[in-house]
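Descriptive analysis of the structure
Given next are the chains, with one letter for each unit.
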Amino acid sequence: GPKVLQIPSHQIIDMGQMVTLNCDPVSNHLYFYWYKQILGQQMEFLVNFYNGKVMEKSKLFKDQFSVERPDGSYFTLKIQPTALEDSAVYFCASSYRDWVYEQYFGPGTRLTVL
Amino acid sequence: SQWGEENLQALSIQEGEDVTMNCSYKTYTTVVHWYRQDSGRGPALIILIRSNEREKRSGRLRATLDTSSQSSSLSITAAQCEDTAVYFCATDETGGADRLTFGKGTQLIIQP
């Protein structure tokens, strides 16, 4: 079936550094999402993105977070600067439509902030 | 929180047995999504049940939805070892699939 790819699979950085997580969504999908999952806890919505704009973001989407998808390339999540509490697995998802359409998830990027 | 305060639950059963996992939610939803997540992979949708449906079947899977009690269940018939995974339910509070809210999940282990 359709696949969402995420690069890298693991990232270890020092607190205060910038990190960019990359997502290659399903090719004809129009809606893009980031979710955050801390070990042992449920996955939580961060942000969704459509037509070059953030449509909705949660309170977890701090000012240090930003998303973009320049010219149909990777959909990225940038954190600058990072904090210890940003350590988690970040999942990217994409869907063709936003009304009860399946979201396809990538395998996640495990981010460790030291 | 959209969900009750249950922790990640763990269930271990023998191959061939039936199993049911439950979720309850606090706010309105038009649909309940059930996802499975294999180790090291992202969640994958396995069944989706809408608010106007009480039951939905897909192969060995059966989902139910009771909007009056705001609860949903996922049953697997004749479980197989490959059913071992974490199973999540998710709702979309806003009425669209643009903001999924996940429960904590059930770790299901099928013993051969």
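Here we take up the sheet that holds strand E5 (residues 55-58) of chain B. Residues and elements named next belong to chain B. What the four strands build is an open sheet, ordered E2-E7-E6-E5; its pairing is antiparallel. Single-partner strands in this sheet number two, and they are strand E2 (19-24) and E5. Neighbour to neighbour, the strand axes of the sheet diverge by 15° on average, direction disregarded. By the bridge criterion, six bridges tie E2 to strand E7 (residues 71-76) in an arrangement that is antiparallel. Of the residues in E7, the one forming a bridge with Asn 22 is Ser 73.

Attention shifts here to the environment of Gln11(A). Residue and element names in this part refer to chain A. Looking at where Gln 11 falls in the secondary structure, it is placed in strand E2 (residues 10-13). A relative accessible area of 24% means that Gln 11 is categorised as partly exposed. It is 9.9 Å that separates the C-alpha atoms of Gln 11 and Val 89, two residues lying 78 residues apart in sequence.

The next thing to look at is the sheet that holds strand E3 (residues 19-24) of chain A. What holds strands together in a sheet is hydrogen bonding between their backbones, with the strands either parallel or antiparallel. Residue and element names in this part refer to chain A. Taken together, four strands build an open sheet; the order of strands is E1-E3-E8-E7 and the sheet is antiparallel. Only two strands of the sheet have a single partner each, and these edge strands are strand E1 (5-7) and strand E7 (65-68). Sheet twist, expressed as the average angle between the axes of neighbouring strands with direction ignored, equals 20°. Here E1 runs beside E3; their pairing, made up of three bridges, is antiparallel. Across the sheet, Ile 7 pairs through a bridge with Asn 22, a residue of E3.

Further remarks concern the layout of surface pockets. Looking at the largest pocket, its volume works out to about 550 Å³. Lining the largest pocket are 24 residues, with Gln37(A), Arg110(A), Gln37(B), Ser39(B) and Gly40(B) positioned closest to its centre. Secondary-structure elements contributing two or more residues to the lining of the largest pocket are strand E9 (88-95) of chain A together with strand E8 (85-92) of chain B. The element contributing the most residues to the lining of the largest pocket is E8(B), with three residues. Of the residues in the lining of the largest pocket, the class split is nine nonpolar, 11 polar and four charged.

Reading guide: rules and limits
- Residues numbered from 1 in each chain as written.
- Chains lettered and ligands numbered in written order.
- Predicted model: local features only at pLDDT ≥ 70, side-chain atom pairs only at ≥ 80, totals over all residues.
- Heavy atoms only, no water.
- Pairing = 2+ DSSP bridges.
- Helix = DSSP H or I, 4+ residues; strand = E, 2+ residues; numbered from the N terminus.
- Axes fitted to C-alpha atoms, helices over the stretch in contact; angles between N-to-C directions.
- Buried < 20%, exposed > 50% of the residue type's maximum accessible area, 1.4 Å probe, protein only.
- 1 Å grid on protein atoms, 1.4 Å probe; cavity = no way out; pocket = protein on both sides within 12 Å on 5 of 7 lines; lining within 4 Å.
- Points joined across faces, edges and corners; volume = space filled by probe spheres on them.
- Nonpolar A, V, L, I, M, F, W, Y, C, P; charged D, E, K, R; others polar.

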